[in-house]
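Commentary on secondary and tertiary structure
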Amino acid sequence: MASAACGGSRVVSAQNDPWAVLRRPGSFALIRHATAPGTNDPSGFRLEDCGTQRNLSAEGRAQAVRIGNLFRANSIAEAGVHSSQWCRCLDTARLMNLGEVRPQPLLNSFFQDRSREAAQIGALRQWIGELDLAKPTVFVTHQVVVTALSQIFPGSGEIVVMQRVPGGQLSVQGRLPTA
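This write-up is about the structure you can find in this document. (Residues numbered from 1 in each chain as written. Predicted model: local features only at pLDDT ≥ 70, side-chain atom pairs only at ≥ 80, totals over all residues. Heavy atoms only, no water.)

1. Brief notes about the side chain of Asp41
The line we're drawing: A run of H or I in DSSP becomes a helix once it reaches four residues, and a run of E becomes a strand once it reaches two; helices and strands are each numbered from the N terminus. Polar contacts here mean pairs of N or O atoms no more than 3.5 Å apart (in protein, one a potential hydrogen donor and the other a potential acceptor; neighbouring residues in sequence count only if both atoms are side-chain atoms). Residue contacts are counted whenever heavy atoms from the two residues lie within 4.5 Å of one another.
Residue position: Asp41 is located in the loop between strand E2 (27-32) and helix H2 (58-73). At 2.9 Å, the side chain of Asp41 and the backbone nitrogen of Arg54 are in polar contact. Polar contacts involving the side chain of Asp41 include one to the side chain of Arg88, which spans 2.9 Å. Excluding residues within four positions of it along the chain, Asp41 makes contact with Gln53, Arg54, Trp86, Arg88 and Gln112.

2. Here's the deal with the packing of aromatic side chains
Under the convention used in this document: Here the aromatic set is Phe, Tyr and Trp, taking the six-membered ring for Trp, and pairing holds for ring centres within 6.5 Å; pairs whose planes are under 30 degrees apart are stacked, those over 60 apart are edge-to-face, and all others are tilted. For each residue, the accessible area found with a 1.4 Å probe, counting protein chains only, is set against the maximum for its type, and the residue is called buried under 20%, exposed over 50%, and partly exposed in between.
As enumerated under the stated definition, the model contains four aromatic pairs in all. Note on Phe28 and Phe139: the rings are 4.9 Å apart at their centroids and 45 degrees apart in plane angle, and the pair reads as tilted. Linking Phe28 in strand E2 with Phe139 in strand E5 (residues 137-141), this pair joins segments that are 111 residues apart in sequence. Each of the two residues, Phe28 as well as Phe139, counts as buried. With 5.4 Å between their ring centres and 45 degrees between their planes, Trp127 and Phe139 make a pair best called tilted. Here Trp127, found in helix H4 (residues 117-130), pairs with Phe139, found in strand E5; they are twelve residues apart in sequence, far enough to count as distant. Put simply, the rings of Phe28, Trp127 and Phe139 pair up and form one aromatic cluster.

Structure follows, in structure tokens:
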């Protein structure tokens, strides 16, 4: 499994175990929310009203539980958990049951307003650069955010393991499909 440094060079060999990397300080899991049928949100959706958003299906809820179980099966029973404010992300994060879920607006989708991407991703990179990553850390977010940080188009519930590298860059360490 090759790795790309986002904004840098390739730095990781194929023999690295993404779970072992994730247990090391300075690493984090970037997770696209579990299965929520459709694309985009309906016009007029509101963050504070889950009934106006695209939400997890029954399969998506079960997938989120399986993702949490996968972490526990790989010796990560607790993590710092940060989530987009969208209901499908918050639900994924809560159902994983890895710790208190902290809403983080920088993880929100910009799919409907691409003009926000550069400023939001810049601020997100800065926040990640300052975040204490001493223990396993999880970010539950959207495809557009995962792709902007990693250059990977993730499947629903896919885990992209990343690490901060010298110079403030983020490096992809591996991918873990969960569907």
